[in-house]
Amino acid sequence: QKEVEQDPGPLSVPEGAIVSLNCTYSNSAFQYFMWYRQYSRKGPELLMYTYSSGNKEDGRFTAQVDKSSKYISLFIRDSQPSDSATYLCATEGGGGTYKYIFGTGTRLKVLA
Amino acid sequence: EAQVTQNPRYLITVTGKKLTVTCSQNMNHEYMSWYRQDPGLGLRQIYYSMNVEVTDKGDVPEGYKVSRKEKRNFPLILESPSPNQTSLYFCASRSGSTGELFFGEGSRLTVL
């Protein structure tokens, strides 16, 4: 079983839709959770960073962590064509090793 | 501008011909790492470095070497490249204050 599982998509939605991207993880010791966005031919860039359970909101983006079910989500409201990218969930293993474990990424396409 | 710079961005080489991919960051980060990204497998860590002269293996270190003689530079060395090392490579550095990983733009390597 992979430590972080993510549906690869692709996911196509119309402009303005609410998008839900999800990941599951296996190790209950994980505390830090991230979402990275990767545009084509570019390196990943940090979108959201959350610690432990709960929600974090930043503009049209909301990250949610449910540690009881080991489930992390990213919601995009009022999606735009510029949101078309691959979204990677990630967790940091902790313990000072800075070992980051990434999901395989979900490719999102927002249609104008 | 804060950035991680990788070179070359694209490279085609032949089996057995040694090559080096350079990585440099201008953010004074202590932690740097190398990843490879393959379809269906996501980002996998090759090597990481906690500081100058301190390096350690990640999940897929076979066939690679690294060195960290200066804080800003972390080159990836393929002593005898093989076709299974054809991949997209990313260098990253970590902010000590926020935990954010900053990625380079990637180096696409093809080994014939």
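What you see is a predicted model, and the numbers here were worked out from it, not measured in a lab.

Peer 1: Would you take a moment to explain the sheet that holds strand β7 (residues 61–66) of chain A for this structure?
Peer 2: Hydrogen bonding along the main chain pairs the strands of a sheet, whether they run parallel or antiparallel. Residue and element names in this part refer to chain A. Spatially, 5 strands are ordered β1-β3-β8-β7-β6 in an open sheet, and the strand pairing comes out antiparallel. Strand pairing shows two members of the sheet lacking a second neighbour, β1 (4–6) and β6 (54–58), which therefore form its edges. Taking the axes of each pair of neighbouring strands and ignoring which way they run, one obtains an average angle of 20° across the sheet.

Peer 1: Help me out: how do you make sense of the pairing of strand β6 (residues 54–57) of chain B in this one?
Peer 2: Within a regular strand, the side chains alternate between the two sheet faces. All names here are of chain B. With 4 bridges connecting them, strand β5 (residues 42–51) and β6 associate as antiparallel partners. Looking across to β6, one finds that Y47 is bridged to K57. From the end of β5 to the start of β6, which pair antiparallel, there are 2 residues, and E53 there has a positive phi angle of about 65°.

Peer 1: Help me out: how do you make sense of the sheet that holds strand β7 (residues 65–66) of chain B in this one?
Peer 2: Residues and elements named next belong to chain B. Ordered in space as β1-β3-β8-β7, the 4 strands form an open sheet in which the pairing is antiparallel. On the outer flanks of this sheet lie β1 (4–7) and β7, each paired with one strand and no other. Where β1 lies against strand β3 (residues 19–25), 4 bridges are found, and the strand directions are antiparallel. Pairing of T5 across the sheet is with S24, part of β3.

The rules behind each value
- Residues numbered from 1 in each chain as written.
- Chains lettered and ligands numbered in written order.
- Predicted model: local features only at pLDDT ≥ 70, side-chain atom pairs only at ≥ 80, totals over all residues.
- Heavy atoms only, no water.
- Pairing = 2+ DSSP bridges.
- Helix = DSSP H or I, 4+ residues; strand = E, 2+ residues; numbered from the N terminus.
- Axes fitted to C-alpha atoms, helices over the stretch in contact; angles between N-to-C directions.

In short, shape yes, function no, at least from these values alone.
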